[in-house]
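Close look at the chain arrangement
In case you want the letters, here they are:
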Amino acid sequence: MNLDYNFSKADKLKKSGKFEDAFLIYENILAKFPKNNRALNGKNLCIKFAPKHKINFVHDLFQRNNFLKAKYEVNKLILKYPKDEILYNIAGAIFTKCNDFDRAIQYYKKAIELKPSFSEVLNNLGELYNQIGDFDLAKEYCMRAVKTNSNYAEAYNNLGNALLQLGLFGSAKTNFEISIKLNNPDKYKVFNNLGLVYANIGDFNKSTEFLIKSLQEEPKNSKAVNSLSYCLIYISDFKYNQETEDFLSERYNDFDFQNQIFILHHSHVNSFIKGDNQKCLHIGQKLELEFERFQQSEHELSSKDLLFIKSYKNYIFKLRSILEKKSPPKRLSNEKLIYHIGDSHCLSFAHYRISINKQEYLIKPMLIYGLKAWHLSSNNHYNQKLLISRLKQIPDNSEVFISLGEIDTRFNEGIITFHKKSSESLDSIIKNTVTGYVDFIENYLKGKNITKYYFSISAPWIEKNKLAYDKKLLDLRIYTIKTFNENLSIHLKKYNSKYLDTFSFTKDKDNFSNKKFMLDSIHLSPNSIKMVEKLINNK
């Protein structure tokens, strides 16, 4: 018997996954040479690994989404081949798909125990930790994966995701770029992630470039569609804004129904901000039709998203209708601007003019979706980055309106809700919220010689039948609003910034809204601009 030939043949069979054929060769060798260590070790290795055709069978079940059958089959193989790390890796993937994350983690860790340098398992476990939100552990395992295999493109992408969620944007960007250089087969995912990095650091022009690249690679990437349409609101450069809108419009029919709704929503808001009244009307009408069709369909959209889109749709419809009747003159090339930063409240005065100390200004909205005062007093909230990107766009020596705080004092969110869960006093929560909010903006704008006007919270809108409300809750809300406004007024004196007391002209004798200056239950009406003008000019 030619031992070298047989050993070489057995090794080739093992490498190709044909462990049963290799096993027979070792058995033949041991029949003649029972104490041959090389044959004994080879035979034991064959017993360790499950036959390739059986692994392929489980893999095929997994690919066909037959996870229950795949779980059953992989567990049978693990009982027979308990030292096969490949089986534990497959089991981890199957249990991840079944949302049994604890079991999946156990299987992945067993695979790593059997083979600590198994880079695929290290990456899979890191990806799972990303999925369940444990980004520190995701970072740890993905770093181990790329250390084990420095050419592992997918692991660099998963590492970048963990770093992105941890707010380490520079490091995240570096790892995404490495993943691209290593020819990640799912480039569209990496381009999408780079788009998110740039959005987080406030560079929406660059974010748009990468999100478009992602969609060019994979037109059905719904995450990139949603992110790209969202970017429309924040892209300050007219050229980039128009190119992005054209890109989404040209491919509108390629996207799913849910993304079409989001595209229409963001385009509707964007056209209003840009002052394109006809386009705003056209998109608004289309959004109305599509929104009704969407609600009647089986497509899913969260109740929060439905309310968000519907609220903006109705709000902009009212604002556009008023603007259309008044037909304010178009902006002159040399006209002075006053920048209005805020959530939806900043749209109420969009494209109107206001006179300050006999100088006329056109009001330019700078929208930040859902921006709340408490976002600025908490650590590293995403909206802080969006606000910074807006503040960067404001030239030195400018005038700025700031409308924040109303959301923070509602019945069902913000300060009142937080107080119910906290041992901290209500007065302390209000003071800390106001201080954090004002200090954040003032510190960022320091040295830019910007005149800042902070809007108070207006009197709360209560329907005619006040008996329908809990009196204690009504009193609590009034107290919260008045205390918030009082703290705001006092704290602004530290910076010599202006306080605009909208509560004073929107309240009735009971401190509820008199409804004379409100567009709806939340927003000031454009007709209140004259009252704001009087406050500023002390008339």
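Procedures and definitions
- Residues numbered from 1 in each chain as written.
- Predicted model: local features only at pLDDT ≥ 70, side-chain atom pairs only at ≥ 80, totals over all residues.
- Heavy atoms only, no water.
- Helix = DSSP H or I, 4+ residues; strand = E, 2+ residues; numbered from the N terminus.
- Buried < 20%, exposed > 50% of the residue type's maximum accessible area, 1.4 Å probe, protein only.
- Contact = heavy atoms within 4.5 Å.
- Areas by Shrake-Rupley, 256 points an atom, 1.4 Å probe, with all protein chains shown as cover.
- Lys, Arg positive; Asp, Glu negative; His and termini not counted.
- Charge placed at Lys NZ, Arg CZ, Asp CG, Glu CD.
- Axes fitted to C-alpha atoms, helices over the stretch in contact; angles between N-to-C directions.
- Left-handed = near helix turned anticlockwise from the far one by under 90°.
- Nonpolar A, V, L, I, M, F, W, Y, C, P; charged D, E, K, R; others polar.
- Core = buried A, V, L, I, M, F, W, Y, C linked by side-chain atoms within 4.5 Å.
- Expected span 1.5 Å × (residues − 1).
- Arc of directions from axis to C-beta.
- Parallel < 35°, antiparallel > 145°, perpendicular 65-115°, else oblique.
- Pairing = 2+ DSSP bridges.
- Phe/Tyr/Trp six-rings, centres within 6.5 Å; stacked < 30°, edge-to-face > 60°.
- Lys NZ or Arg CZ within 6 Å of the ring centre and 35° of its normal.

Scanning the protein chain from N- to C-terminus turns up 24 helices and six strands. Taken along the three principal axes of its C-alpha coordinates, the protein chain extends 110 × 50 × 50 Å. In the protein chain, which comprises 539 residues, the share counted as buried stands at 50%. Partitioning the intrachain contacts of the protein chain with sequence separation of at least 6 by distance along the chain shows that 63% fall at a separation of at least 24. Total accessible area on the protein chain stands at roughly 27100 Å², and carbon and sulfur atoms take up 50% of it. Computed over 80 positive and 60 negative side-chain charges, the separation of the two mean positions in the protein chain equals 2 Å.

Among the structural elements, K494 can be located in the loop between helix 22 (471–492) and strand 6 (498–500). K494 sits in the exposed class, given a relative accessible area of 57%. Between the alpha carbons of K494 and I233 there is a distance of 33 Å; along the sequence they are 261 residues apart.

Looking now at the packing of helix 19 (residues 382–392) against helix 21 (residues 426–445). Running from N to C, helix 19 and helix 21 cross one another at 40 degrees; their axes reach a closest spacing of 11 Å. Classified by chirality, the crossing of helix 21 by helix 19 is right-handed. Across the interface between the two elements, Q384, L387, I388, L391 and K392 from helix 19 touch F440, I441, Y444 and L445 from helix 21. Looking at the contact of helix 19 with helix 21, its residues break down into seven nonpolar, one polar and one charged.

Here we come to the side chain of T208. Within the fold, T208 resides in helix 13 (residues 204–217). The exposure class of T208 is buried, given its relative accessible area of 2%.

One finds L387, Y437 and F484 to be the most contacted residues of the largest nonpolar core, which totals 78 residues. Considering every element that reaches this core, the biggest residue donor is helix 21, with nine residues. Among residues more than four places away in sequence, those in contact with F484 are A373, L404, G405, T409, I415, I430, T433, V434, Y437 and I457. One finds A91, L125, F176 and V190 within the second-largest nonpolar core, a separate group that totals 50 residues.

Bringing helix 11 (residues 169–181) into the picture now. Helix length check: helix 11 (13 residues) gives 18 Å between terminal C-alpha atoms against 18 Å at 1.5 Å per residue, within 8%. Buried within helix 11 we find F169, A172, N175, F176, S179 and I180. An end-on view of helix 11 places all buried positions within 145 degrees of arc, on one side of the element. Once helix 11 finishes, N183 follows within two positions and takes phi at roughly 60 degrees, a positive value.

Attention now goes to the packing of helix 4 (residues 52–63) against helix 5 (residues 67–80). At a minimum axis distance of 8 Å, the contact between helix 4 and helix 5 shows a crossing angle of 155 degrees. Here helix 4 is positioned roughly antiparallel relative to helix 5, judged by the angle of their axes. The two elements helix 4 and helix 5 meet at a crossing, and its hand is left-handed. Counting all contacts with helix 4, which are made through K54, F57, V58, L61 and F62, the residues of helix 5 involved are F67, K69, A70, E73, V74, L77 and K80. Tallied by class, the residues present in the contact of helix 4 with helix 5 amount to eight nonpolar, no polar and four charged.

Mapped onto the elements, I394 comes out in the loop between helix 19 and strand 4 (399–403). Taking the C-alpha atoms as reference points, I394 and I338, 56 residues apart in sequence, are found 9.5 Å from one another. With residues near it in sequence (within four places) discarded, I394 still touches Y339, I341, M366, V400, K448 and I450.

Let us now look at the pairing of strand 3 (residues 359–367). Note: strand 1 (residues 337–342) against strand 3, six bridges, orientation parallel. Bridge pairing in strand 3 links L337 to L362. Note that strand 2 (residues 353–356) and strand 3 share four bridges and pair antiparallel. Pairing of S355 across the sheet is with E360, part of strand 3.

It is worth spelling out the packing of aromatic side chains at this point. Summed over all chains, the structure comprises 18 aromatic pairs. When the ring of F62 is compared with that of F67, the centres are 5.6 Å apart and the planes differ by 65 degrees; the resulting orientation is edge-to-face. One exposure class covers both F62 and F67, and it is buried. Ring-pair connections join several aromatic residues into one group, and the members of that group are F204, Y230, Y234, F308, Y312 and Y369. Here the basic side chain of K115 rests over the ring of F118, its NZ or CZ set 5.3 Å away from the ring centre. The ring of Y240 has K239 lying over it, and the distance from NZ or CZ to the ring centre is 5.6 Å.

Everything listed here is a matter of geometry and, on its own, says nothing about what the molecule does.
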